[in-house]
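Each chain is listed here by its residues.
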Amino acid sequence: MHRGAPRLSATAGTVPAVSLRRVTKRFPETRLDDEVVAVDELDLDVTDGEFFALLGPSGCGKTTTLRMVAGFEFPTEGSVHIHGTEMGRRPPDRRPVNTVFQSYALFPHMTVAENVAFGLRMRDVARDEARRRVAEAIELVQLRGRDGAMPGDLSGGQQQRVALARALVNRPKVLLLDEPLGALDLRLREAMQVELKQLQALLGITFVHVTHDQEEALAMSDRLAVMDAGRLVQVGTPAEVYERPRTRFVAEFLGDANLLTAEAVDAERVRLPDGTVVRIASGRSAGAAVHLSLRPEQLDLVAAGTPVEPHLDAVEGTVARIGYFGSAIEYDVALDTGGPEVLVTARLGNARGVVARTVGERVRMRWTPDSVTVLED
Ligand code: ADP
Ligand code: MG
């Protein structure tokens, strides 16, 4: 049942697994706080069967969004549909979704098997059927043999697996995960990222995964949405969002970005502060001041004066700093065009052509025009 290529977009005619329409959530004024607009006119479609990540800094409204899908909160305005059915004020147990939280929220006095079976008991599933499904869920999260263990005897990673099994046992159409790996240390988190992704592909269930960790969102999702201050800023595949950030916020939140200012010459070219004209992927009206984003790994350093092939653009500068990271080398380059120093990352290992530069060396930095993104703000 393994699914092949990730789905890149909603197929016309299919009903989205989750659909939010102009969803706003306001929390009323309290003694300490003014009214909070936690989610602000959110429109979002999650395709059936996809691994969808909701990414943004702390406080941007991710949890509130997820809780409105789960039914723990209701929108102040707008609507939530799951597989085409409007949820209205339906409570969580009457929605075809389950939630896995960062705090595992296991019952400490129940065994692993009892914790996993809990939701089925609530739903009056027949005993034999329940036993079979509990065993299956425990197997899925690779905890076979630990059925009788108490949560307190398990590691954090194992406890999170129990929480996952407890959600999967209900066979939800959509699994909601709110920073499920946030409490785990880095090694375990990375291992669990791979496992969760494999599990999702195996089961074909739609996952909506909330995280503030950009690498996690990029590594795991078929598509991701970047949120800022209650709003959706950009939705796309990891490559689309990383390589074509729409705004400065997205460019800076996801990885390292070099932001340059320039002036639009025409739809295909911009002028850097020193007058150098370079090409861009897509443009603005002439004369407008624009911000450009250039990813460090899309830049290439060669010796100053190296001829530039016609399909490339280039500027010269001086190496100001070098950082060696084993698998990569980072250079800060002070450009002759002025502006802030530019970060250039060269991957080592299979890139045999990489030549180590030295601080103070004169270099030429070159790139293909499609790696220059014009930001909207
Ligand atoms: P995230 O999960 O992205 O960190 P949240 O959805 O938890 O963000 O919170 C978004 C905003 O809504 C924050 O400003 C938070 O303080 C506020 N908020 C969340 N829940 C409540 C609540 N129950 N009452 C009042 N304000 C809340
Ligand atoms: Mg949260």
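Residues numbered from 1 in each chain as written. Chains lettered and ligands numbered in written order. Predicted model: local features only at pLDDT ≥ 70, side-chain atom pairs only at ≥ 80, totals over all residues. Heavy atoms only, no water.

1. Side note on the overall build of the protein
Logical step 1: Secondary structure assignment for the protein yields eight helices and 20 strands.
Logical step 2: With respect to the three principal axes, the spread of C-alpha positions in the protein is 75 × 45 × 45 Å.
Logical step 3: Within the span of the protein, comprising 377 residues, buried residues form 47% of the whole.
Logical step 4: Counted over contacts in the protein with a minimum sequence separation of 6, partners at least 24 positions apart contribute 66%.
Logical step 5: Each charge class in the protein can be summarised by its mean position, and for the 45 positive and 53 negative side chains these summaries are 6 Å apart. (Helix = DSSP H or I, 4+ residues; strand = E, 2+ residues; numbered from the N terminus. Buried < 20%, exposed > 50% of the residue type's maximum accessible area, 1.4 Å probe, protein only. Contact = heavy atoms within 4.5 Å. Lys, Arg positive; Asp, Glu negative; His and termini not counted. Charge placed at Lys NZ, Arg CZ, Asp CG, Glu CD.)

2. Some thoughts on the sheet that holds strand β13 (residues 277-279)
Logical step 1: In space, the five strands of this open sheet follow the order β13-β12-β11-β14-β20, with antiparallel pairing throughout. Bordering the open sheet on either side are β13 and β20 (372-375), each of which pairs with just one other strand. For this sheet, the mean inter-axis angle between neighbouring strands, taken without regard to orientation, is 50°.
Logical step 2: Where strand β11 (residues 258-266) and strand β14 (residues 289-294) come together, six bridges link them in antiparallel fashion. Opposite L260, over in β14, you have L292 as the bridge partner. (Pairing = 2+ DSSP bridges. Axes fitted to C-alpha atoms, helices over the stretch in contact; angles between N-to-C directions.)

3. Observations regarding the packing of helix α2 (residues 112-122) against helix α3 (residues 127-140)
Logical step 1: It is the contact of α2 with α3, at a shortest axis distance of 9 Å, that shows an interaxial angle of 120°. Put simply, α2 runs oblique to α3. Where α2 crosses over α3, the handedness of that crossing is right-handed. From α2, V112, A113, V116, A117 and L120 reach across to α3, where they touch A130, R133, V134, A137 and I138. (Parallel < 35°, antiparallel > 145°, perpendicular 65-115°, else oblique. Left-handed = near helix turned anticlockwise from the far one by under 90°.)

4. Details of the domain arrangement of the protein
Logical step 1: Assigned domains within the protein: domain 1 (18-96 + 172-248) and domain 2 (256-374).
Logical step 2: Taking only C-alpha atoms, the centre of domain 1 and the centre of domain 2 are 34 Å apart.
Logical step 3: In this complex, domain 1 contributes six residues to the contact, which on the side of domain 2 involves 10 residues.
Logical step 4: Contact between domain 1 and domain 2 buries roughly 710 Å² in total, counting both sides, with carbon and sulfur atoms accounting for 42%.
Logical step 5: In terms of surface lost to domain 2, no three residues of domain 1 exceed Y242, R244 and R248, which account for 70% of the buried area on that side.
Logical step 6: The interface formed by domain 1 and domain 2 holds zero salt bridges in total.
Logical step 7: Taken together, domain 1 and domain 2 are joined by six residue pairs in polar contact (both at pLDDT 80 or more).
Logical step 8: Among the elements that make up the side of domain 1 that touches domain 2, the one with the highest residue count is helix α7 (residues 238-243) (three residues).
Logical step 9: Its residues assigned to classes, the side of domain 1 that touches domain 2 comprises three nonpolar, no polar and three charged. (Domains from an automatic or database assignment. Buried area = accessible area lost by both parts, 1.4 Å probe. Salt bridge = Lys/Arg side-chain N within 4 Å of Asp/Glu carboxyl O. Polar contact = N/O pair within 3.5 Å; in protein donor to acceptor, adjacent residues only side chain to side chain. Nonpolar A, V, L, I, M, F, W, Y, C, P; charged D, E, K, R; others polar.)

5. Observations regarding the sheet that holds strand β16 (residues 313-324)
Sheet strands pair by backbone hydrogen bonding; their relative direction is either parallel or antiparallel.
Logical step 1: Taken together, five strands build an open sheet; the order of strands is β15-β19-β16-β17-β18 and the sheet is antiparallel. Of all strands in the sheet, those with a lone pairing partner are β15 (300-303) and β18 (342-347), marking the two edges. Within this sheet the neighbouring strands show an average axis-to-axis angle of 45°, counted without direction.

6. A closer look at the site of ligand 1
Logical step 1: Neighbouring residues of ligand 1: F27, V36, A38, P57, S58, G59, C60, G61, K62, T63 and T64.
Logical step 2: One of the backbone nitrogen or oxygen atoms of G59 is found 2.6 Å away from an oxygen atom of ligand 1.
Logical step 3: Measuring from an oxygen atom of ligand 1, one finds a side-chain N or O atom of T64 at 2.6 Å.
Logical step 4: Across the complex, the protein chains shield 61% of the 560 Å² of accessible surface that ligand 1 would expose by itself.
Logical step 5: For the shell around ligand 1, the secondary-structure elements that each account for two or more residues are β2 (36-46) and α1 (62-70). (Near = heavy atom within 4 Å. Areas by Shrake-Rupley, 256 points an atom, 1.4 Å probe, with all protein chains shown as cover.)

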